[in-house]
Amino acid sequence: MNKNRSLTRWKVQVVTLLAVCGLLAPELAMTQQVANPALSNPKVDMPPPESVQADISEIDLDAIVRVEVDTKQPNYRVPWNVGGMGSGNGTGFLIGKNRFLTNAHVVSNGRLIYIKKVSDPRPYKARVVNIAHDCDLALLELESESDYENSFEDVEPLYIGGIPKLNTTVIAVGYPIGGERISVTRGVVSRVDFRSYSHSGVDNHLTIQVDAAINPGNSGGPVLQSNQVVGVAFQGYSGSVAQNTGYMIPVPVVERFLKDVEDGTYDYYVDIATSTIGILNPAQRQAFGLPNNGIGVMVCEADAAGSAGDKLKTKDVLLSIDGHTIFSDGFIEIEGERVDMNEVIERKFAGDTVNLEVWRDKEQIDVEIELKRFIPYTIQANQYDKQPQFVLFAGLQFQPVDRSVMTSHGIKDFQARYHYTYFSSDEIYREKPQVIILTAVLPDSVNTHLQPYVHKVVESINGKKIRLLQDVYDAFYKQQAEPGKEDFHVIRCVGEGRPLVLKRDEADVAHDRIKAKYNVGFTSHLEEPEILQLGDLIKTEDDSEEEAETPTAAAISE
């Protein structure tokens, strides 16, 4: 046992005993009992009474509407089919003249949208004005201006407030399952966090966790405190996963969306597209020439297609962002709250800049970065309001890889999963802006015994390198042929030694037969992919051919 520690404990016990017996001056007793006088009367920012927090007496409930939607779900397995029809409902609320805020997932893939007031049984036809799948928000309006003037002109829009404090009471209002009338539930704010939004599946933003019941139908409804909107209900865990755990979209995310669409279009979130790791090990910090003060994160990789691609380097240490110190766990302080450093980026728009203090080669430098959208990651995002892209020829169905294709076809092929998972980090998009897969074979005598090629990544067709779905279409429908194999359609797949071969004349005849047999109304749907917006980062077909023809150093030495 440490003798000094034992002696100290003995002194404290004696002082305490003397104080209890009244044999020690009160001033000295207080000094010994309170090591830090500042802690004896800590300042606490007390929230208003719960009765005030839970007050919604000034809220016009007619401003909170039921949103009913008829949907058409795309069919990625059979892309020429119309898709399944469905319906659902959520909640929205009036925020301005003929402007209703709701969740994107409430109206995604919608074909008919109706809005109902709490005091009026009539449905009013509505449409989407702006939608943001990356932050799960949408703006609606009534199609008829007269409907709005007759039914909502006198309704007071809800006022958007600020971020509620932890352990304060909030009220969730909406139209959840269990009835058609408006519902009110109460809970407390239990966590402010930076987490994934399930609608897109890949985007992370600020969220607020509450223990108020957030059930299907609540989505898009306001979460209120002191007669103000402090969030939008949008997702939660099922009872089998967690109890009393719901989430709302906080005001900073809502305000950013509303500001973004002021010009009539939504420009998406920007992203610095840089992976970092905390520097907590003292020896590691010493190797970088950094003091052991718990400040700074190291850049692992700055994606070339991201905002910082030509500004940051691997092993750079980020010390601050827009004047906010970056701690070694990647957090900063904003408005008295510890949040992820990316929250600074979250509140900016395309074309804005962010200033970083960077430690590079044992010297501090200032780096300014112009922010833009990061497109490559969208391959892993859920897709909405889109017709599946495909090309069908002689029963062979080709589709570009994205999350919907991988999920609907249950693709587990190694090469396919590699191209999907590492599309961004390994910069696969440079060579293959679209990764094309043979997703299905409609059985016919012309294409027998080709099942082993299903789910393979296509490398070339008829001698044409496949970089886009358009290349597939051109290879088949523009009568291209591999030199020396003009009588055949030759499809080569990544990692496969033997090509897939069809007799050209038989395949051309079978194409119409297969269309009739499987009721195929149209054989292709193509759109220009967003990834081409990266411009010079995408290699052209000519670039790829020149690179392939240039002999390597190994070939020269041989």
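Relevant structure appears above.
The shown structure was predicted, so the numbers you read here are calculated from the model rather than taken from an experiment.

> Just to check I follow, could you spell out the packing of aromatic side chains for this structure?
What characterises a pair of aromatic rings is the spacing of the ring centres plus the angle enclosed by the ring planes. All told, the structure shown has 15 aromatic pairs when counted by the stated rule. Taken together, a centroid distance of 6.1 Å and an interplanar angle of 10° make the contact between tyrosine 148 and phenylalanine 152 stacked. Accessibility expressed as a relative area gives 4% for tyrosine 148, which makes it buried. The class for phenylalanine 152 is buried, based on a relative accessible area of 0%. An angle of 80° between the planes, with centres 5.7 Å apart, marks the rings of phenylalanine 393 and tyrosine 477 as edge-to-face. In this pair, phenylalanine 393 is assigned in strand β21 (residues 390-393) and tyrosine 477 in helix α11 (residues 469-477), connecting sequence segments 84 residues apart.

> What is the right way to look at the environment of serine 57 in this model?
With respect to the element layout, serine 57 can be found in the loop between α3 (50-53) and β1 (64-73). We classify serine 57 as exposed; its relative accessible area is 59%. For the pair serine 57 and asparagine 227, spaced 170 residues apart in the sequence, the C-alpha separation amounts to 7.0 Å. Here aspartate 55 takes part through its side chain, which lies 2.8 Å from a polar atom of the side chain of serine 57.

> Sorry, what's going on with the pattern of salt bridges here?
Opposite charge on two side chains permits pairing when their charged atoms draw close. As enumerated under the stated definition, the model contains 24 salt bridges in all. Its salt-bridge partner being arginine 430, residue glutamate 427 comes within 2.7 Å of it at the nearest N-O pair. Look at arginine 430 and you get partly exposed, because its relative accessible area is 23%. Taking the shortest distance from any N to any O, the salt bridge between lysine 539 and glutamate 431 comes out at 3.2 Å.

> Can you help me understand helix α6 (residues 251-260) in this one?
Because each turn of an α-helix spans 3.6 residues, side chains separated by three or four positions end up pointing in the same direction. In terms of residue burial, α6 counts as a mostly covered element, since eight of its 10 residues are buried. Residues of α6 that are buried: Val251, Pro252, Val253, Val254, Arg256, Phe257, Leu258 and Asp260.

> Looking at this structure, I do not really get the pairing of strand β26 (residues 488-493). What am I missing?
The side chains of a regular strand alternate between both faces of the sheet. Here strand β24 (residues 458-461) pairs with β26 via three bridges, running antiparallel. Each bridged residue has a counterpart across the sheet, and for valine 458 the counterpart in β26 is cysteine 493. Bridge analysis of β26 against strand β27 (residues 500-503) gives four bridges, and the strand direction is antiparallel. In the sheet register, isoleucine 491 faces β27, and the bridge partner there is leucine 500. Adjacent in sequence and paired antiparallel, β26 and β27 are bridged by six residues, among which glycine 495 carries a positive phi angle near 80°.

How each quantity is defined
- Per-chain numbering applies: the sequence of each chain, read as written, is numbered from 1 onward.
- Where local features are concerned, this predicted model is filtered to residues with pLDDT of at least 70; where side-chain atom pairs are given and counted, the filter is 80 or more; whole-chain, interface and lining totals use all residues.
- To obtain the side-chain values, all non-hydrogen atoms of the structure were used and water was disregarded.
- In this scheme Phe, Tyr and Trp rings, the latter by its six-membered ring, pair at centre separations within 6.5 Å, and the angle between planes marks the pair as stacked below 30 degrees, edge-to-face above 60, and tilted otherwise.
- Only protein chains enter the accessibility calculation, which uses a 1.4 Å probe; a residue is then buried when its area is under 20% of its type maximum, exposed when over 50%, and partly exposed in between.
- To qualify as a helix, a DSSP run of H or I must reach at least 4 residues; to qualify as a strand, a run of E must reach at least 2; elements of each kind are numbered from the N terminus.
- Two N or O atoms count as a polar contact when they lie within 3.5 Å, although within protein this holds only if one can serve as hydrogen donor and the other as acceptor, and sequence-adjacent residues are included solely when both atoms are side-chain atoms.
- Salt bridges are defined as contacts in which a side-chain nitrogen from Lys or Arg sits within 4 Å of a carboxyl oxygen from Asp or Glu.
- At least two DSSP bridges between two strands are needed for those strands to be called paired.

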